[in-house]
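Spelled out from the first residue to the last, the chains are:
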Amino acid sequence: MRVAAIIAAGGRGLRAGGGVPKQLRSIGGRTLLEHALAPFDRSGRVGEIVVVLPPELAADPPIWFQAVETPLRVVAGGGRRQDSVAAGLDAVRDTAALVLVHDAARPFCSQALIGRVIDAAAEAGAAVPAVQATDTVKQSADAGGHAVVAATLPRERIHLAQTPQGFRMEVLRAAVALGRSGVDATDEALLAERAGYAVRLVEGDPENVKITTPADLDRASGRMARTGAGSAGAVRMGIGYDLHRTVAGRPLILGGVHVPHDRGLDGHSDADAVCHALIDAVLGGAAAGDVGQHFSNRDPRWKGASSIDLLERAVAIVRERGYAVGNADVVVIAERPRIGPHAAAMRERLAQALEVAVDAVSVKAKTGEGVDAVGRGEAIAVHAVATLVSR
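Read on for an overview of the structure. (Residues numbered from 1 in each chain as written. Predicted model: local features only at pLDDT ≥ 70, side-chain atom pairs only at ≥ 80, totals over all residues. Heavy atoms only, no water.)

**Looking at the overall build of the protein chain**
Tallying secondary structure elements over the protein chain gives 12 helices and 19 strands in all. With respect to the principal axes defined by its C-alpha atoms, the protein chain has extents near 75 × 55 × 40 Å. When burial is assessed residue by residue, the protein chain has 52% of its 391 residues classed as buried. Counted over contacts in the protein chain with a minimum sequence separation of 6, partners at least 24 positions apart contribute 72%. Counting every atom, the protein chain has about 17400 Å² of accessible surface; 50% of that belongs to carbon and sulfur. The averaged location of the 44 negative side-chain charges in the protein chain is 1 Å from the averaged location of its 44 positive side-chain charges. (Helix = DSSP H or I, 4+ residues; strand = E, 2+ residues; numbered from the N terminus. Buried < 20%, exposed > 50% of the residue type's maximum accessible area, 1.4 Å probe, protein only. Contact = heavy atoms within 4.5 Å. Areas by Shrake-Rupley, 256 points an atom, 1.4 Å probe, with all protein chains shown as cover. Lys, Arg positive; Asp, Glu negative; His and termini not counted. Charge placed at Lys NZ, Arg CZ, Asp CG, Glu CD.)

Structure follows, in structure tokens:
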């Protein structure tokens, strides 16, 4: 039976903090989306993966998608979760007989759980993993503006639903069609129920938690640190340095950001010294060479190239070697212009290229105190440090 997986990552998820969509927040050196997608990529039972992203991310998906071995497509999501899943289903090939739907906010899905859901959905038509409630469950009611207990529910009949949820193709199509007709639902299982299908409960996994708040992220990061999940080896570190002369007639590009100035940096590419230093730091941490080895100034392919693109390529190189970027720290040494007003924009652009959260990137500015070429404003120098985590 051909199985497809839809990874629902179309929401903004800003309640988790960090100023970036939740699915791009980093734990254990990898984004939530990477953790969520990985077990489906490794599963020998999933033949295709569709990732649903916000429209702006779908137009420029993370470069690490290229390392996914299972055939993968990216589509833009909609305003509601059910709209995003519907868009994902439209992209699933007609040859798929069964579809799994998984939330990108659940980074700890196991291979065993995927197998249980596939087997149950193939037999029953629809299946949902769930964990039985262990606490006493109270149903509330309003009494004069205060919540009071209206009923105590039998906890042996209360189950907390998880993902991935599995459906035979015809069941999910009927569920999605019902959602498109105007019925709102919190998940596809509810739509399947309302479409008249029985949904089988499958033993869930208490570790398969959903990340919603900053506290959830902290707990997940702590779990990674305690168990080593997502970091099979020790953290590695690389350092980088670059210096370029300033010349008239060229734009000044630093950290992927155009910085207004009457002089730019001289070089074969756009001469972005911040990116060049970070490339050396990233590559160095994985013992994968340096910027000159991979992007030689004698190679016409890199003439005028965007160095932020080269940094993304460097991240892809270390990912192929089994590493992900953990964090980066950059020091820009320039007499002028002032770097501080542009540091926030640089951090955001660099975080995108490094595939980490903005709070994992630091950009600091120093001057040359009037000493040597940098101090005279004839050059700009950059020092960078990056950590890598074994995947």
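**Thoughts on the side chain of threonine 70**
Looking at the secondary structure, you find threonine 70 in the loop between helix 2 (55-59) and strand 5 (72-76). Side-chain polar atoms of threonine 70 contact the side chain of aspartate 41, separated by 2.8 Å. When residues no more than four places from it in sequence are discounted, the contact partners of threonine 70 are Phe40, Asp41, Val46, Gly47, Glu48 and Ile49. (Polar contact = N/O pair within 3.5 Å; in protein donor to acceptor, adjacent residues only side chain to side chain.)

**Let's talk about the nonpolar core**
Counting residues in hydrophobic clusters, the biggest one holds 51 residues, and the most contacted among them are Leu254, Leu278, Leu311, Leu350 and Leu354. Elements that contribute at least two residues to this core include exactly helix 8 (273-285), helix 10 (307-320), strand 17 (323-333), helix 11 (343-354), strand 18 (361-366) and strand 19 (379-390). By residue number, the principal contributor to this core is helix 8, which donates 9 residues. Ignoring any residue separated from it by four or fewer positions in sequence, one finds leucine 254 in contact with Val259, Leu265, Asp272, Ala273, Val274, Ile339, Met346 and Ile380. Of all hydrophobic cores here, the second largest spans 29 residues; its members include Leu57, Leu113, Ala121 and Ala127. (Core = buried A, V, L, I, M, F, W, Y, C linked by side-chain atoms within 4.5 Å.)

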